[in-house]
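Residue strings, one per chain:
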Protein chains: 2
Amino acid sequence: MSDAIEKKARAAREASYALSSLSTEVKNKVLLELADSLAANREAIFAANAKDMEASRQAGLAQAKLKRLEITESVLQQMVEGLKVIAGLPDPLGGVVKDYRTDSGLHVQKVRVPLGVIAMIYEARPNVTIDAFSLCFKAGNACFLKGGKEANNSNEILAKLAKDTLQANGVTPAAIEVMTSSDRSELQQLLTMNDYIDLVIPRGGTALIQFVHEHSRIPMVQHFHGVCHIYIDEYANTEKAVNIAVTAKTSAPATCNTAECILVHQSRAEEILPLLQERYLQAGVEMRGDPQVCGLCPQAKQATDDDWGKEYLDLIVAVKVVADLGEAVEHIQAYGSNHTDVIVSEDVQNQDSFFRQVGSSCVLANASSRFNDGFQLGLGAEIGISTSKIHAYGPMGLEELTTQRYVVRGTGQTR
Amino acid sequence: MSDAIEKKARAAREASYALSSLSTEVKNKVLLELADSLAANREAIFAANAKDMEASRQAGLAQAKLKRLEITESVLQQMVEGLKVIAGLPDPLGGVVKDYRTDSGLHVQKVRVPLGVIAMIYEARPNVTIDAFSLCFKAGNACFLKGGKEANNSNEILAKLAKDTLQANGVTPAAIEVMTSSDRSELQQLLTMNDYIDLVIPRGGTALIQFVHEHSRIPMVQHFHGVCHIYIDEYANTEKAVNIAVTAKTSAPATCNTAECILVHQSRAEEILPLLQERYLQAGVEMRGDPQVCGLCPQAKQATDDDWGKEYLDLIVAVKVVADLGEAVEHIQAYGSNHTDVIVSEDVQNQDSFFRQVGSSCVLANASSRFNDGFQLGLGAEIGISTSKIHAYGPMGLEELTTQRYVVRGTGQTR
C-alpha cells in the first residue's frame with residue numbers, strides 16, 4: 001500500500017465536497033484562465049513533452065504511440081480550444097429534473113449533483129489530461145488521473161498549471177490529482193479505493209480496459225470495442241448505401257465508430273457489391289467476404305470465422321450477404337459490440353424493426369456510424385462512448401458525469 | 001463451470017431481446033394473471049414453503065430468518081397486491097427523453113430502453129422473487145434470480161407459476177430464471193457472466209453485499225448500509241425535532257432508513273435532550289451519548305468511538321452535541337453512508353447549506369428519514385435504495401431499471 005496514493009485520493013475526496021457548490025462563474029473563469037495559461041506556458045509544455053518523446057524514442061516506442069504522445073502546436077491549440085468550448089457549455093448541475101408534492105405533503109425535487117471523484121485511467125496521450133480535467137471539473141467533480149508512464153513529464157506540467165490556476169481562483173488544487181507511478185500494483189491499489197473514488201473510466205486499448213475490469217472494486221463505465229455494422233436493406237437507396245458504407249470505413253479507420261462489417265441484403269448484392277468493391281479499392285481498403293461476396297468481388301479475400309465481430313481499426317472491412325433483415329439482426333446480436341449499428345433503408349417499417357431488435361447505444365438509419373460522437377450528437381464534448389448500459393449508454397458528456405438525488409422539504413412529517 | 005447456469009443465463013439473454021418490444025398490454029396481462037395464479041395456487045405455495053420452513057427449523061435457522069422465510073397469508077396477499085400495483089404503473093419504456101435536430105440535419109432521439117438481463121442476489125425471502133420479477137419484467141428486462149438456498153422450494157414453485165403464466169400469454173418463460181444451487185462457486189460463476197447479464201443487484205446483509213462486491217465482474221448497484229443522521233439545528237421547532245428523531249428510530253428500527261444517530265446543536269441541548277430521553281425511554285430505546293449528552297441524560301450510556309457511523313438496526317440510537325451546522329456536516333461526511341440525512345430547522349438558509357454539503361442520496365428538511373422509500377416518494381414501487389452514485393442514487397423504481405440510448409434518423413449523412 002502506497003501512502004502517497006491514498007493521500008492524493010483522500011485529498012480528491014475532500015476537494016469534491018467543496019467543488020459540488022462552486023459557482024458556474026468561478027468554474028468557467030478557471031477553465032478560461034487555464035486556456036490562457038497553457039498558451040502562455042507553451043515553451044515549458046513543449047520542453048517537458050520533448051523529454052517524454054526522447055525517452056520513449058530511446059525505449060523504442062512504436063511510431064503510432066509516439067504520435068499520440070507528442071504535443072504538437074496543433075495538439076496544444078486543441079487543448080486550449082477544448083477548454084474554451086467547455087467553459088461555454090451550460091452547467092449540468094443544479095437542474096431540477098422532477099418537482100412534485102406527495103400525498104403526505106412533502107415537496108420532492110430530484111436534482112442533478114456531481115458524482116464526486118472520478119478516476120480516469122488512460123494511455124500516453126497527454127491531451128486527455130486536460131480534456132478529462134475540464135469535463136470533470138465543469139460537472140463539479142474532482143478527478144484522479146492516471147496516464148501512461150511515458151507521458152509523466154507532460155502530465156506533471158499540465159497538472160501543475162491546472163493546480164496553479166485553481167489556486168489563483170481560490171479553488172482547492174486537489175480538484176486535479178495526477179498519479180505518475182508506473183507501478184501496476186499501485187494502479188491496482190487505486191482501483192480498490194472505493195471510499196474515495198466514485199467512478200473509474202478506463203480509456204485505451206483492450207488490455208488496459210481488461211485490466212481495469214479485472215481489478216476494479218469501484219463502479220466502472222466501459223468504453224470498449226466498437227464493432228459497428230452497416231446493414232444495407234432490400235429498400236436501400238444505392239447512393240446513400242455506398243457512400244455511407246465506404247466513408248464510415250475510410251474517414252477515420254482507427255476510431256471506435258468506424259464501420260467494421262457491411263451486411264448486404266441478398267436482393268441487392270449483385271448491384272451494390274461491385275460498386276462497394278470499386279470504391280474500397282480506390283481507397284485502399286481490403287475487403288474480406290463470405291463466398292457470395294467473393295463470387296461477386298474478385299478482389300475480396302475469403303473471410304474466416306475470425307472476421308465476424310472483429311475490430312480491425314484499420315483499412316480492412318468484413319462484408320457478408322444476408323437473406324433478410326432478420327439475419328442481419330441475428331448477426332449483429334451475435335457479433336456486435338453494443339456500440340453503433342446502422343440500417344440503410346427507405347422503408348420506415350424496416351428501420352423501426354431494426355431499431356427495436358438491435359440494442360446498441362446508438363442506432364442510425366441512413367447516416368454514417370461515425371455520427372455516434374458527443375460533438376456530432378450535440379453534447380458539446382465527450383469523455384468517451386459507453387458500451388455498458390449502466391449509468392450511461394453512448395457518448396458521455398457533462399450530464400453523464402453527474403447523478404440525480406432527492407431533496408425533500410417537509411413540515412414535520414413522520415411515519 | 002456449470003453448464004446449467006450458463007444455459008440459463010444464455011436463455012435469459014435471448015429472452016431479453018423479445019421482452020424489449022413486448023406491448024404494455026401483454027406485460028400487464030401477465031402481471032395480473034400471475035396475481036390470480038398465486039391466489040389460486042395458495043395451497044401448493046404454502047406446502048412448498050412449509051417444506052422450506054421445516055428443513056430450516058431442523059437446521060436451527062435463527063428466529064428472525066425463519067420469519068422472513070415464511071409465506072404467511074398476509075405475505076402472499078402482499079405479493080398478489082404488489083403485482084397489481086406494478087400492472088397499474090406507467091410503462092417506463094419508449095419514452096422520448098430528448099428530441100432534436102443537429103446542424104447536420106440528423107433527427108436525434110434519446111429514448112428509454114430496458115437494461116437487458118438483471119441478476120438479483122438475495123437471502124431467504126421468497127416474496128422478493130415475485131417483487132423482483134414483476135419490476136424487472138414491467139421494465140422490459142429478463143431476470144436471473146438467486147435467493148437464499150433455504151427458500152429453494154418456495155422460489156421454485158413461484159418461478160414455475162410465473163413461467164406458466166408467461167407461456168400461456170405467448171411470452172418466453174426464460175423471462176424469469178431461478179438458480180437454486182447452494183454452491184458459492186456457482187454464484188461466483190454467475191458473477192462473471194458479463195456477456196449475458198447487464199446488472200447485478202445484491203439485496204441483503206453486509207456479508208452478502210461484500211461477497212458480490214468482491215467477485216462481480218458485472219456492473220452492480222449497491223444497496224448498502226443505511227447510517228441515517230438527524231441534525232437538530234439551532235433553529236429547529238422543538239415538537240417537530242423530537243417527533244422526527246423519536247419516530248425515525250422507533251417506527252421500524254431494523255430498516256435501512258431508520259435513524260441511527262441524532263446530532264443536536266449545543267444551543268438546544270439542554271432543552272431538547274431531556275425530552276428525547278423521556279420519549280426514547282418510553283419506547284425502550286437505548287441512548288448512547290457523548291459526555292455532554294450523558295451529563296444531561298442520566299439514563300444514556302457512554303458512547304465509544306464505535307458508536308459513530310454504526311448501523312444498529314435495533315432499538316439503540318447514538319446521540320451527540322455539535323457546536324454548529326458545520327460540525328454536524330463534518331460528522332455526517334465522516335460517518336454517514338450516503339443513504340439519508342435530515343435537518344430539522346425553520347431556517348431556510350441553514351436547510352440549503354445542509355443540502356449543499358451533505359451528499360446523501362436523499363436529504364430532507366423537517367421530515368423523517370423513513371420517507372426515503374420508493375412508495376413514499378411516489379415511485380409506486382422500488383427494488384431497493386442505491387447508495388452508490390452510478391446509474392441510480394436513492395430509491396430505484398421502474399425508470400431506474402432502464403437505460404437511455406440514441407436513435408438517429410438521417411438522409412444519407414456521411415462524415
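Above this text you will find the structure in question.
A brief report on the enclosed structure follows. (Residues numbered from 1 in each chain as written. Chains lettered and ligands numbered in written order. Predicted model: local features only at pLDDT ≥ 70, side-chain atom pairs only at ≥ 80, totals over all residues. Heavy atoms only, no water.)

1. Comments concerning the overall build of chain A
At step 1: From N to C terminus, chain A includes 14 helices and 16 strands.
At step 2: Radius of gyration (C-alpha) of chain A: 24 Å, near the 22 Å computed for a compact globule of 415 residues.
At step 3: A buried classification covers 58% of the 415 residues belonging to chain A.
At step 4: Across chain A, the fraction of contacts at a sequence separation of at least 24, relative to all contacts at a separation of at least 6, is 71%.
At step 5: With an accessible surface of roughly 15,800 Å², chain A has 47% of that area assigned to carbon and sulfur atoms. (Helix = DSSP H or I, 4+ residues; strand = E, 2+ residues; numbered from the N terminus. Rg over C-alpha atoms; globule rule 2.2 N^0.38 Å. Buried < 20%, exposed > 50% of the residue type's maximum accessible area, 1.4 Å probe, protein only. Contact = heavy atoms within 4.5 Å. Areas by Shrake-Rupley, 256 points an atom, 1.4 Å probe, with all protein chains shown as cover.)

2. Notes on the interface of chain A and chain B
At step 1: Contacts between chain A and chain B engage 69 residues on the former and 69 residues on the latter.
At step 2: Looking at the side of chain A facing chain B, the largest losses of area belong to Ile390(A), Tyr406(A) and Arg415(A), adding up to 15% of the total buried there.
At step 3: As a salt-bridge pair, Glu399(A) and Lys98(B) come within 3.2 Å of each other at their nearest N and O atoms.
At step 4: The tally of links from chain A across to chain B stands at 45 residue pairs in polar contact (both at pLDDT 80 or more).
At step 5: Looking at the side of chain A that touches chain B, the elements with two or more residues in it are α1 (3–19), β1 (96–101), β2 (107–114), α9 (206–215), α10 (238–250), α14 (348–357), β13 (362–367) and β16 (402–413) of chain A.
At step 6: At eleven residues, β16(A) tops the list of elements feeding residues into the side of chain A that touches chain B. (Buried area = accessible area lost by both parts, 1.4 Å probe. Salt bridge = Lys/Arg side-chain N within 4 Å of Asp/Glu carboxyl O. Polar contact = N/O pair within 3.5 Å; in protein donor to acceptor, adjacent residues only side chain to side chain.)

3. What to know about the relation of the copies chain A and chain B
At step 1: Expressed as a screw operation, the relation of chain A to chain B combines 0.0 Å of axial shift with a rotation of 180°, fitting to an RMSD of 0.0 Å. Taken together, the turn and the small shift mark the pair as related by a two-fold rotation axis. Proximity to the rotation axis, assessed at the C-alpha, singles out His391(A) in chain A; its C-alpha lies 1.7 Å from the axis. (Least-squares fit on C-alpha atoms with pLDDT ≥ 70 in both.)

4. Regarding the pattern of salt bridges
When the charged atoms of two side chains with opposite charge come close together, those side chains can pair.
At step 1: One pass over the structure, following the stated rule, counts 42 salt bridges over all chains.
At step 2: Between Glu33(A) and Lys29(A) there is a salt bridge, with the nearest N and O atoms lying 3.2 Å from each other. With a gap of four residues between them, Glu33(A) and Lys29(A) both fall in helix α2 (residues 24–40), about one helical turn apart.
At step 3: One salt bridge connects Glu214(B) with Arg217(A), and the closest N-O pair in it is separated by 3.6 Å. In this pair, Glu214(B) is assigned in helix α9 (residues 206–215) and Arg217(A) in the loop between α9 and β7 (228–232), connecting two distinct chains.
At step 4: Judged by its relative accessible area of 14%, Arg217(A) is buried.
At step 5: Through salt bridges with shared partners, one network takes in Glu286(A), Arg288(A), Lys301(A) and Asp307(A).

5. A word on the packing of helix α10 (residues 238–250) of chain B against helix α11 (residues 269–282) of chain B
Residue and element names in this part refer to chain B.
At step 1: As a packed pair, α10 and α11 sit with axes 10 Å apart at the nearest point and diverge in direction by 35°. The interaxial crossing formed by α10 with α11 has right-handed handedness. Note on element contacts: α11 touches α10 through Glu-271, Ile-272, Leu-275, Leu-276, Arg-279 and Tyr-280, opposite Thr-238, Ala-241, Val-242, Asn-243, Ala-245, Val-246 and Lys-249.
At step 2: Among the residues making up the contact of α10 with α11, the classes are represented as eight nonpolar, two polar and three charged. (Axes fitted to C-alpha atoms, helices over the stretch in contact; angles between N-to-C directions. Left-handed = near helix turned anticlockwise from the far one by under 90°. Nonpolar A, V, L, I, M, F, W, Y, C, P; charged D, E, K, R; others polar.)

6. Digging into the sheet that holds strand β5 (residues 176–178) of chain B
Residues and elements named next belong to chain B.
At step 1: Taking strand neighbours across the sheet as the criterion, the four strands line up as β5-β4-β3-β6 in an open arrangement whose pairing is parallel. Looking at the sheet topology across the chains shown, the edges are occupied by β5 and β6 (199–203). The average undirected angle you get between the axes of adjacent strands in this sheet is 20°.
At step 2: Here strand β4 (residues 142–146) runs beside β5; their pairing, made up of three bridges, is parallel. Counterpart to Cys-143 in the pairing with β5 is Ile-176.
At step 3: Strands in contact with helix α1 (residues 3–19) are β3 (117–122), β4 and β5; relative to β4, the strand with the most contacts, it is inclined by about 150°.
At step 4: Each of β3, β4, β5 and β6 is contacted by helix α6 (residues 127–138), which is oriented at about 160° to β3, the strand it contacts most. (Pairing = 2+ DSSP bridges.)

7. With respect to the side chain of Asn49(A)
All names here are of chain A.
At step 1: Along the chain, Asn-49 turns up in helix α3 (residues 42–58).
At step 2: Judged by relative accessible area, which is 3%, Asn-49 ranks as buried.
At step 3: Side-chain polar atoms of Asn-49 contact the backbone nitrogen of Ile-71, separated by 2.7 Å.

8. A short note on the packing of aromatic side chains
At step 1: Across all of its chains, the model carries four aromatic pairs over all chains by this definition.
At step 2: Ring geometry for Phe133(B) and Phe137(B): centres 5.2 Å apart, planes at 25°, overall stacked. Residue Phe133(B) and its partner Phe137(B) are both found in helix α6; the two are separated by four residues, about one turn of the helix. Neither residue differs from the other here; Phe133(B) and Phe137(B) are each classed as buried.
At step 3: One cation-aromatic arrangement involves Arg184(A) over Phe211(A); the distance from NZ or CZ to the ring centre is 4.2 Å.
At step 4: Its end group placed over the ring of Trp308(A), Lys320(A) keeps NZ or CZ at 5.4 Å from the ring centre. (Phe/Tyr/Trp six-rings, centres within 6.5 Å; stacked < 30°, edge-to-face > 60°. Lys NZ or Arg CZ within 6 Å of the ring centre and 35° of its normal.)

9. Brief notes about α11(B)
Residue and element names in this part refer to chain B.
At step 1: Compared with an ideal rise of 1.5 Å per residue, which puts 14 residues at 20 Å, α11 spans 20 Å between its outermost C-alpha atoms and is within 8% of the ideal.
At step 2: Among the residues of α11, Ala-269, Ile-272, Leu-273, Leu-276, Gln-277 and Tyr-280 are the ones counted as buried. Seen end-on, α11 carries its buried residues on one side only, within an arc spanning 140°. Exposed and facing more than 90 degrees away from the buried side of α11 are Glu-270 and Gln-282.
At step 3: Structurally, α11 contributes buried residues whose contacts are with β7 (228–232), α10, β8 (259–265), β9 (286–289), α12 (291–296) and β11 (316–322).
At step 4: The positive-phi residue at the C-terminal boundary of α11 is Gly-284, with phi of around 75°. (Expected span 1.5 Å × (residues − 1). Arc of directions from axis to C-beta.)

10. Brief notes about the environment of Asn243(A)
Residue and element names in this part refer to chain A.
At step 1: Positionally, Asn-243 belongs in helix α10.
At step 2: In this structure the C-alpha to C-alpha distance between Asn-243 and Arg-279, which are 36 residues apart in sequence, comes to 9.0 Å.
At step 3: Within the structure, Asn-243 has its side chain in polar contact with the side chain of Arg-279 (distance 3.1 Å).

11. Topic: the sheet that holds strand β11 (residues 316–322) of chain A
At step 1: Pairing within the open sheet is mixed, and its ten strands lie in the order β10(A)-β9(A)-β11(A)-β8(A)-β7(A)-β12(A)-β13(A)-β16(B)-β2(B)-β1(B). Where the open sheet ends on each side, the last strands, each with one partner, are β10 (301–302) of chain A together with β1 (96–101) of chain B.
At step 2: Pairing geometry for β7(A) and strand β8 (residues 259–265) of chain A, over five bridges, is parallel. What sits directly across from Ile230(A), in β8(A), is Ile262(A).

12. Re unusual backbone geometry
At step 1: Even without glycine at this site, His391(A) takes up a positive phi of about 75°.
At step 2: By relative accessible area, which is 16% here, His391(A) ends up buried.
At step 3: In the Ramachandran plot, Leu313(B) falls in the positive-phi region, its phi being about 50° despite a non-glycine side chain.
At step 4: Within the element layout of this structure, Leu313(B) appears in the loop between β10 (301–302) and β11.

13. Describing α9(A)
Think of an α-helix as 3.6 residues a turn; residues three or four steps apart then line up on the same face.
At step 1: Taken residue by residue, α9(A) has Leu208(A), Ile209(A), Phe211(A), Val212(A) and His213(A) as its buried positions.
At step 2: Residues of α9(A) that are buried sit in contact with β3 (117–122), α8 (184–190) and β6 (199–203) of chain A.

14. Side note on the state of the cysteines
At step 1: Under the counting rule described, the total for this entry stands at zero disulfides over all chains.
At step 2: A disulfide-free cysteine, Cys256(A) has its sulfur positioned 6.9 Å from the sulfur of Cys228(A), the nearest such atom. (Disulfide = S-S within 2.5 Å.)

15. Re the packing of helix α5 (residues 73–88) of chain B against α6(B)
All names here are of chain B.
At step 1: For the pair α5 and α6, the least separation of the axes is 10 Å and the interaxial angle reads 5°. One way to sum up the angle between α5 and α6 is to call them roughly parallel. Together, Val-75, Met-79, Leu-83, Ile-86, Ala-87 and Gly-88 of α5 and Asn-127, Ile-130, Ser-134, Leu-135 and Lys-138 of α6 make up the contact between the two elements.
At step 2: Its residues assigned to classes, the contact of α5 with α6 shows seven nonpolar, three polar and one charged. (Parallel < 35°, antiparallel > 145°, perpendicular 65-115°, else oblique.)

16. Let's talk about the pairing of β2(A)
All names here are of chain A.
At step 1: By the criterion of burial, β2 is predominantly enclosed, with eight of the eight residues buried.
At step 2: Burial along β2 is two-sided: His-107, Gln-109, Val-111 and Val-113 facing one way and Val-108, Lys-110, Arg-112 and Pro-114 facing the other are all buried.
At step 3: Sheet topology places β1 next to β2; five bridges connect them, and they run antiparallel. Bridge pairing in β2 links Tyr-100 to Val-108.
At step 4: In textbook terms, the turn of a hairpin is the stretch between consecutive antiparallel strands, and for β1 and β2 this stretch comprises five residues, one of which, Gly-105, has a positive phi near 90°.
At step 5: Note: β2 against β16, eight bridges, orientation antiparallel. Bridge pairing links Val-111 to Arg-405 in β16.

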